[in-house]
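# What the coordinates show
Residues per chain, in single letters:
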Amino acid sequence: MAKKIGVTMDVGNDGVAVITISNPPVNSLASPIIAGLKEKFRDANQRNDVRAIVLTGNNGRFCGGFDINVFQQVHKTGDLSVMPEVSVDLVCNLMEDSRKPLVAAVEGLALGGGLELAMACHARVSAPKAQLGLPELTLGVIPGFGGTQRLPRLVGLAKATDMILLSKSISSEEGQKLGLIDALVPPGELLSTSRKWALDIADGRKPFLRSLHRTDKIGSLSEARAILKNSRQLAKKIAPKMPQHHAVIEVIEEGIVHGGYSGVLKEAEVFRQLVLSDTAKGLVHVFFAQRATSKVPNVTDAGLKPRPIKKVAVIGGGLMGSGIATALLLSNIRVVLKEINPEYLMKGIKTVEGNIKGLVSRGKLTQDKAGKALSLLKGVLDYTEFKDVDMVIEAVIENIQLKQNIFKELEKVCPPHCILASNTSTIDLNVIGEKTNSKDRIVGAHFFSPAHLMTLLEIVRSENTSPQVILDLMAVGKAIKKVPVVVGNCIGFAVNRTFFPYTQAAHMLANLGVDLFRIDSVITSFGLPLGPFQLGDLAGHGIGLAVGPIYAKVYGDRMFRSPLTELLLKSGRNGKINGRGYYIYEKGSKPKPDPSVLSVVEESRKLTNIMPGGKPISVTDKEIVEMILFPVVNEACRVLDEGVVIRASDLDIASVLGMSFPSYRGGIVFWADMIGPKYIYERLKEMSETYGSFFKPSRYLEERATKGMPLSELKSSRSRL
Ligand SMILES: CCCCCC(=O)CC(=O)SCCNC(=O)CCNC(=O)[C@H](O)C(C)(C)COP(=O)(O)OP(=O)(O)OC[C@H]1O[C@@H](n2cnc3c(N)ncnc32)[C@H](O)[C@@H]1OP(=O)(O)O
Ligand SMILES: NC(=O)C1=CN([C@@H]2O[C@H](COP(=O)(O)OP(=O)(O)OC[C@H]3O[C@@H](n4cnc5c(N)ncnc54)[C@H](O)[C@@H]3O)[C@@H](O)[C@H]2O)C=CC1
């Protein structure tokens, strides 16, 4: 069925014109909608039979904001003329300054431009539980349509800056307490109450309030300045590298000092500057890339329906198993947690309890919900409870034989519909399922640590995994608030494989004489939360040593074999786990660089002997970023070339959510395309000539560089999906 897009106006016998936005699924403000709104408001203002106006959205959703596709169009073309002029023409002149009263009838959500339109109305009536907010900063821009000016005037400056800087939405219930919503009514009464409210304003029974002209919630100039000072500190803390967080405070201040209208004009000017920024390009890309992961050819378009998953068995209550169990329990899924002995089982259960209590103490979960979640957990030491589970997630130690035996056993003890998933981080799924006859229901459910907090779920399919099983796991992933990304089967899958050169490049630089703490600091300045050495400490160097040979076996032609990890372990430094790695970890204080580790690095340098002429190389910070991240881009090219991901943007999302690659850089492939494949290719070629084949550009990169094509443009037929 074709989507019904447009703005309609129905004038009732009561003299109220109901203007309705229709643009499924979220009634976003696409260009025809904005044109339609202008036309209908003009019409309503001119018609003699219209005394008052109600603005609403179709299908239970008021409006999800300005059409983000337009930003993408601006990014592709650089043409700002597709951005409509709305703040004054539509929102001030036709709406707020209209002589006829306007009431917003809000249901479902009013976000960004949606809330901004509602705030330009003279009153707002809402159904319960509507989501209200200005999330524009997450897209690298600032609120438009006068949102920066009207929100502080409706909810107060401190609350408004908080909502805007943190992109935090509130419910209509909270909105009512704050004065953003004038009345809260059941959905069935929304339109009738809104009509009545509009007529009450028209007849002088209720006040005719224009938000932009209000000053009662702003306080004195000195009070406002004190609040803005705090906001600047908050912006510096949460988003030091984001231009929009700092710009929005200037825009709000303009309105406080020179009046709301002046603020609206500045808002429009700053908006147009920011929409062209690299930050906006990266964040808008991430917005669409994340949604694209939900579309998996031959799975989500195959007419299948996800089967209910009510009971899940998790095997292994260690670091990952306990985190996975926590995530399931928090979404009301019954969990059977299996361990090898009572001691380990108790440890696993205690970890789950600790995870859940931690959420309660941080105010993220109520005591009631915590109790309910824990009541759904059952610890076991055998397979009796597996007879009616819908899914098993195996999270035992990374040992091929153990996993093979477990899967063979699972085939016997689980019902035939049961999904058999493994959380392995490196082992080939075909190898894990080798001893079974159930290859169609074997799938990788690769969570990231800590599994109850990290949002990425890499769903690894082999050539035998059935579409139904993939769909079911995607549905479970979404139910437990993860972002599932479906990838193909190879050593390291998409994320770990793409990033395995990250640590290796860092080791090479350290062996070439570059200070490791400088490397970490350059990489965190680039935007990753941890540099490669601190990340190694966090993961534990034992793991690093264990997985090294697995990667070496398949990707040995492009490995830098560094003795550093082994030397580190020999010196008793396992990483954060035992309080010592490259850094010193003490309870209650930040990790401190440990100068005594430099003797270990020196030993490694002696063994590798790669410093040219025995002297440390001299590199700029930019060169450090390139030497560490261009090899990652190079491996990403191989992942794309081999069809391990469906689309390049899936790797962007996986890198952002799995490796914390900065979202404002759009993900690893998007970032590389912004720099340009030709430049990356040439730099890697130079590096490989100087430092060896570790940096050798891949065929895919070379081809894109020579043909002037972006890396994101896939044309490979070698898909594993
Ligand atoms: C001169 C111009 C000045 C402009 C100033 C201004 O006001 C700027 C803005 O308003 S920017 C936009 C602000 N709004 C948002 O950031 C909201 C973004 N959307 C969401 O957070 C969510 O989509 C949601 C909460 C509205 C709905 O969530 P879900 O129900 O989980 O659905 P979904 O996220 O999967 O989305 C469904 C499809 O809808 C598309 N979509 C959502 N919002 C928008 C939008 N604002 N513009 C365009 N498209 C939107 C989304 O991409 C999904 O599409 P699919 O093709 O189905 O993947
Ligand atoms: N540690 C990490 O950051 C990540 C690990 N993984 C993968 O997750 C899996 C588990 O890793 P971790 O949780 O770190 O290991 P872990 O060592 O913390 O936990 C493994 C647990 O499995 C238990 N176990 C062993 N055999 C068992 C059996 N037959 N039945 C029930 N329990 C059994 C052990 O007693 C132990 O408690 C591995 O495959 C690993 O590669 C995946 C993503 C990230």
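All values reported here derive from a predicted model rather than from experimental measurement.

Reading the values: the criteria
- Residues numbered from 1 in each chain as written.
- Chains lettered and ligands numbered in written order.
- Predicted model: local features only at pLDDT ≥ 70, side-chain atom pairs only at ≥ 80, totals over all residues.
- Heavy atoms only, no water.
- Helix = DSSP H or I, 4+ residues; strand = E, 2+ residues; numbered from the N terminus.
- Rg over C-alpha atoms; globule rule 2.2 N^0.38 Å.
- Buried < 20%, exposed > 50% of the residue type's maximum accessible area, 1.4 Å probe, protein only.
- Contact = heavy atoms within 4.5 Å.
- Areas by Shrake-Rupley, 256 points an atom, 1.4 Å probe, with all protein chains shown as cover.
- UniProt positions renumbered as here; feature names shortened; annotations may be inferred.
- Core = buried A, V, L, I, M, F, W, Y, C linked by side-chain atoms within 4.5 Å.
- Domains from an automatic or database assignment.
- Near = heavy atom within 4 Å.
- Polar contact = N/O pair within 3.5 Å; in protein donor to acceptor, adjacent residues only side chain to side chain.
- Nonpolar A, V, L, I, M, F, W, Y, C, P; charged D, E, K, R; others polar.
- Pairing = 2+ DSSP bridges.
- Axes fitted to C-alpha atoms, helices over the stretch in contact; angles between N-to-C directions.
- Parallel < 35°, antiparallel > 145°, perpendicular 65-115°, else oblique.
- Expected span 1.5 Å × (residues − 1).
- Arc of directions from axis to C-beta.

Along its length, the chain carries 29 helices and 19 strands. Its C-alpha atoms give the chain a radius of gyration of 28 Å, near enough to 27 Å, the size a compact globule of 721 residues would have. For the chain, the spread of C-alpha atoms along the three principal axes comes to 85 × 65 × 50 Å. When burial is assessed residue by residue, the chain has 57% of its 721 residues classed as buried. Of the contacts made within the chain by residues no fewer than 6 positions apart, 73% connect residues no fewer than 24 positions apart. Of the accessible surface of the chain, which amounts to about 30,100 Å², a share of 54% is contributed by carbon and sulfur atoms.

Okay, the UniProt feature "domain: 3-hydroxyacyl-CoA dehydrogenase NAD binding" (unreviewed entry) in the chain next. Following the UniProt record, one finds the feature "domain: 3-hydroxyacyl-CoA dehydrogenase NAD binding" (unreviewed entry) at residues 311–489. The annotated region residues 311–489 carries 40% helix and 22% strand content, and the separation between its end C-alpha atoms amounts to 26 Å.

Quick look at the nonpolar core now. Phe-386, Val-392, Leu-410, Ile-628 and Leu-629 are the most contacted members of the largest nonpolar core, which has 104 residues in total. Looking at this core, the element that brings in the most residues is helix H25 (residues 621–641), giving 12 residues. No fewer than three residues from each of domain 2 (311–489) and domain 3 (496–707) sit in this core. Non-local contacts of Leu-629, meaning those with residues more than four positions away in its chain, are made with Tyr-502, Phe-526, Leu-528, Phe-661 and Trp-671. With 75 residues, the next largest nonpolar core counts Leu-115, Met-119, Cys-121 and Phe-145 among its residues.

Moving on, we come to the UniProt feature "domain: 3-hydroxyacyl-CoA dehydrogenase C-terminal" (unreviewed entry) in the chain. Mapped onto this numbering, the UniProt entry annotates "domain: 3-hydroxyacyl-CoA dehydrogenase C-terminal" (unreviewed entry) at residues 492–585. As a span, residues 492–585 carries 62% helix and 2% strand, and end to end its C-alpha atoms are 29 Å apart.

Looking now at the site of ligand 1. Around ligand 1, 29 residues are found, and the nearest of them are Phe-66, Gly-113, Glu-116, Arg-291 and Lys-295. Between ligand 1 and Gly-64, the relevant distance is 2.9 Å, taken from a nitrogen atom to a main-chain nitrogen or oxygen of the residue. Between Phe-66 and ligand 1, the recorded distance is 2.8 Å, taken from a backbone N or O atom to an oxygen atom. Contact with the protein chains hides 75% of the accessible area of ligand 1, taken as 1,100 Å² for the molecule alone. Going through the elements one at a time, helix H2 (68–77), strand E5 (109–111), helix H4 (113–120) and helix H12 (278–292) are the ones with two or more residues in the shell around ligand 1. Of the residues belonging to the shell around ligand 1, the class tally is 16 nonpolar, 7 polar and 6 charged.

Okay, the domain arrangement of the chain next. Accessible area lost upon the coming together of the parts is a frequently used measure of interface size. For the chain, the assigned domains read domain 1 (6–276), domain 2 (311–489) and domain 3 (496–707). Centre-to-centre separation of domain 1 and domain 3, based on C-alpha positions: 45 Å.

Most of strand E15 (residues 442–447) is tucked away, with 6 of its 6 residues classed as buried. With burial as the criterion, each face of E15 is covered, one bearing Ile-442, Gly-444 and His-446 and the other bearing Val-443, Ala-445 and Phe-447. Pairing geometry for strand E14 (residues 419–422) and E15, over 3 bridges, is parallel. Among the inter-strand pairings, Ser-422 is bridged to a residue of E15, identified as Gly-444. Looking at chain direction, E15 and strand E16 (residues 456–461) are connected through 4 bridges and run antiparallel. Note that in E16 the partner of His-446 across the bridge is Glu-458.

For the rest of this paragraph, the subject is the sheet that holds E16. Strand order in this open sheet of 8 strands is E12-E11-E10-E13-E14-E15-E16-E17, and the pairing throughout is mixed. The open sheet has two edge strands with one neighbour each: strand E12 (377–380) and strand E17 (483–488). Averaged over all neighbouring strand pairs, the angle between strand axes comes to 25°, with direction disregarded. Examined bridge by bridge, E16 and E17 share 6 bridges and lie parallel to one another. Looking at the pairing, Val-460 lines up with Val-487 of E17.

Further remarks concern the packing of H25 against helix H28 (residues 677–691). Axis separation between H25 and H28 bottoms out at 10 Å; the angle between their running directions is 100°. Here H25 lies roughly perpendicular to H28, going by the angle between them. Here H25 contributes Lys-622, Glu-623, Glu-626, Met-627, Phe-630, Pro-631, Val-633 and Asn-634 to the contact with H28, which in turn contributes Tyr-679, Ile-680, Arg-683, Leu-684, Met-687 and Tyr-691.

On to the site of ligand 2. Close to ligand 2 lie 22 residues, the nearest being Met-320, Glu-339, Glu-398, Lys-403 and Ser-425. One of the side-chain nitrogen or oxygen atoms of Glu-339 is found 2.5 Å away from an oxygen atom of ligand 2. Glu-398 is positioned such that a nitrogen or oxygen atom in its side chain is 2.5 Å from an oxygen atom of ligand 2. For ligand 2, the accessible surface in isolation is 820 Å², of which the surrounding protein chains cover 80%. Listed by contribution, the elements that provide at least two residues to the shell around ligand 2 are helix H13 (319–330), helix H16 (400–413) and E15. Counting residues per element, the shell around ligand 2 draws most heavily on H16, which supplies 3 residues. Considered class by class, the residues forming the shell around ligand 2 number 11 nonpolar, 7 polar and 4 charged.

This brings us to the sheet that holds strand E7 (residues 131–133). Overall, mixed pairing links the 3 strands, which are arranged E5-E7-E8 in an open sheet. Looking at the sheet topology across the chains shown, the edges are occupied by E5 and strand E8 (170–171). Packing against the sheet, H4 makes contact with E5 and E7, and its axis sits at approximately 95° to E5.

In this model, helix H9 (residues 221–238) (18 residues) spans 25 Å end to end at C-alpha, consistent with the 26 Å of a helix rising 1.5 Å per residue. Taken together, the buried positions of H9 are occupied by Ala-224, Leu-228, Ser-231 and Ala-235. Along the axis of H9, the buried positions cluster into a sector of 55°, meaning they face one direction only. Facing away from the buried side of H9 by over 90 degrees, the exposed positions are Ser-222, Lys-229, Lys-236 and Lys-237. Against the buried residues of H9 lie helix H6 (157–165) and helix H10 (243–258).

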